[in-house]
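Observations on the three-dimensional arrangement
Chain residues, written in single-letter form:
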Amino acid sequence: SSDLILVVEDDAAVAEALVEGIRGDGYDVVREATVAGALRAARTRHPHLAILDVRLPDGSGIDLCRELRRTGFRAPILMLTVHADEVDQVLGLEAGADDYVAKPYRLRELLARVRAHLRRAYGDLAAGAADLLHAGDLVIDRAAARVTRDGRAIELTPTELRLLVFLEIGRAHV
């Protein structure tokens, strides 16, 4: 299964072009137009990366970013801002964003940043190994970047997930 990208953008034309470009690069996409929809999608769909517009109809992407981090969302977050407004950038980064892309952005650059953040966050987890690893009562789903115990998700940072996979693969070869 491919990585799931959450796109939060209220401008339909911008969102459509973005979603099309991201899908064309081989990712699954869920698009939301509001803060409320984005929070719901993050909670229910567990995206691997989020792209947030700074200005949304029901609030600010910066507040959304802060709320996502407060509720335990640990995937990379890229902010889209109309101008490379330094105030927006500083506030966004302090709210927990990982990166900034100024509009109008070049799709190729945005996709390169998405790929870089996904690589940094999840690594190329030992290519070719099984997607499901079992460690005691834990199930590590490498394709979905998710760990469960008794069917319940356990929230891990990308680094914690990589470490768990590394340790489990190492243990299996001892």
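These numbers come from a predicted model, not from an experiment. (Residues numbered from 1 in each chain as written. Predicted model: local features only at pLDDT ≥ 70, side-chain atom pairs only at ≥ 80, totals over all residues. Heavy atoms only, no water.)

Grouped together as the largest cluster of nonpolar side chains are 49 residues, with contacts concentrated most on Ile-5, Ile-22, Ile-51, Leu-52, Ile-77 and Met-79. The element contributing the most residues to this core is helix H5 (residues 107–122), with six residues. (Core = buried A, V, L, I, M, F, W, Y, C linked by side-chain atoms within 4.5 Å. Buried < 20%, exposed > 50% of the residue type's maximum accessible area, 1.4 Å probe, protein only. Helix = DSSP H or I, 4+ residues; strand = E, 2+ residues; numbered from the N terminus.)

Pairing between the strands of a sheet comes from backbone hydrogen bonds, and it takes one of two forms, parallel or antiparallel. Spatial strand order, E8-E9-E10-E11: four strands in an open sheet with antiparallel pairing. Among the strands making up the open sheet, the edge pair consists of strand E8 (132–135) and strand E11 (152–154). Across the sheet, the mean angle from the axis of one strand to that of its neighbour is 30 degrees, orientation sign disregarded. Here E8 runs beside strand E9 (residues 138–141); their pairing, made up of four bridges, is antiparallel. When the sheet's bridge partners are listed, Leu-132 is paired in E9 with Asp-141. (Pairing = 2+ DSSP bridges. Axes fitted to C-alpha atoms, helices over the stretch in contact; angles between N-to-C directions.)

A few words on the side chain of Asp-99. Residue position: Asp-99 is located in strand E7 (residues 99–102). On the basis of relative accessibility, which here comes to 16%, the residue Asp-99 falls in the buried class. A distance of 3.0 Å separates the side chain of Asp-99 from the side chain of His-117, its partner in a polar contact. Every residue in contact with Asp-99, bar those within four places of it in the chain, is listed here: Ile-77, Leu-78, Met-79, Leu-93, Arg-113 and His-117. (Polar contact = N/O pair within 3.5 Å; in protein donor to acceptor, adjacent residues only side chain to side chain. Contact = heavy atoms within 4.5 Å.)

The subject of this paragraph is unusual backbone geometry. A cis geometry characterises the amide bond from Lys-103 onward to Pro-104, with omega recorded as -5 degrees. Backbone geometry places His-46, a non-glycine residue, at a positive phi of 50 degrees. As for its placement among the helices and strands, His-46 is situated in the loop between helix H2 (35–45) and strand E3 (49–53).

Once that is clear, we can look at a nonpolar patch on the surface. A surface patch of nonpolar side chains, amounting to about 340 Å² of accessible area, comprises Leu-163, Phe-166 and Leu-167. With respect to the helices and strands, the residue Leu-167 is situated in helix H6 (residues 158–172). (Patch = residues over 30% accessible without salt bridge, like charges linked within 9 Å, V, L, I, M, F, W, Y side chains within 5 Å. Areas by Shrake-Rupley, 256 points an atom, 1.4 Å probe, with all protein chains shown as cover. Salt bridge = Lys/Arg side-chain N within 4 Å of Asp/Glu carboxyl O.)

By the element assignment, Thr-34 lies in the loop between strand E2 (28–32) and H2. A C-alpha to C-alpha distance of 25 Å links Thr-34 and Thr-157, two positions 123 residues apart in sequence.

Here we take up the pairing of strand E10 (residues 146–149). As paired strands, E9 and E10 are joined by four bridges and run antiparallel to one another. In the sheet register, Leu-138 faces E10, and the bridge partner there is Arg-149. What sits between E9 and E10 in their antiparallel hairpin is a turn of four residues, with Ala-145 showing a positive phi close to 55 degrees. Two elements, E10 and E11, share three bridges in a ladder whose sense is antiparallel. Among the inter-strand pairings, Val-147 is bridged to a residue of E11, identified as Ile-154.

So, about the sheet that holds E7. Strand order in the open sheet made by the five strands is E2-E1-E3-E6-E7, with parallel pairing throughout. The sheet is open, and its two borders are formed by E2 and E7, each paired with just one other strand. Strand-to-strand, the axes of this sheet are offset by a mean angle of 20 degrees, without reference to chain direction. In the sheet, strand E1 (residues 4–8) pairs with E2 via five bridges, with the strands oriented parallel. Bridging from a neighbouring strand, Val-8 pairs with Glu-32 of E2. Here helix H3 (residues 61–70) sits on the sheet and contacts E1, E3, strand E6 (77–81) and E7; the angle it forms with E6, its principal contact strand, is near 170 degrees.

Once that is clear, we can look at the pattern of salt bridges. Taken as a whole and assessed by the stated rule, the structure comprises ten salt bridges. Put simply, Asp-63 and Arg-66 hold a salt bridge, and the shortest N to O gap is 2.9 Å. Highlighted residues: Asp-63 and Arg-66, both in helix H3, separated by three residues, approximately one helical turn. With relative accessibility at 45%, the residue Asp-63 sits in the partly exposed group. Between Arg-74 and Glu-160 there is a salt bridge, with the nearest N and O atoms lying 3.2 Å from each other. Pair noted here: Arg-74 is in the loop between H3 and E6 and Glu-160 is in helix H6, with a separation of 86 residues, a long-range link. Since its relative accessible area comes to 38%, Arg-74 is described here as partly exposed.

Function-wise, these values are silent; they only describe arrangement.
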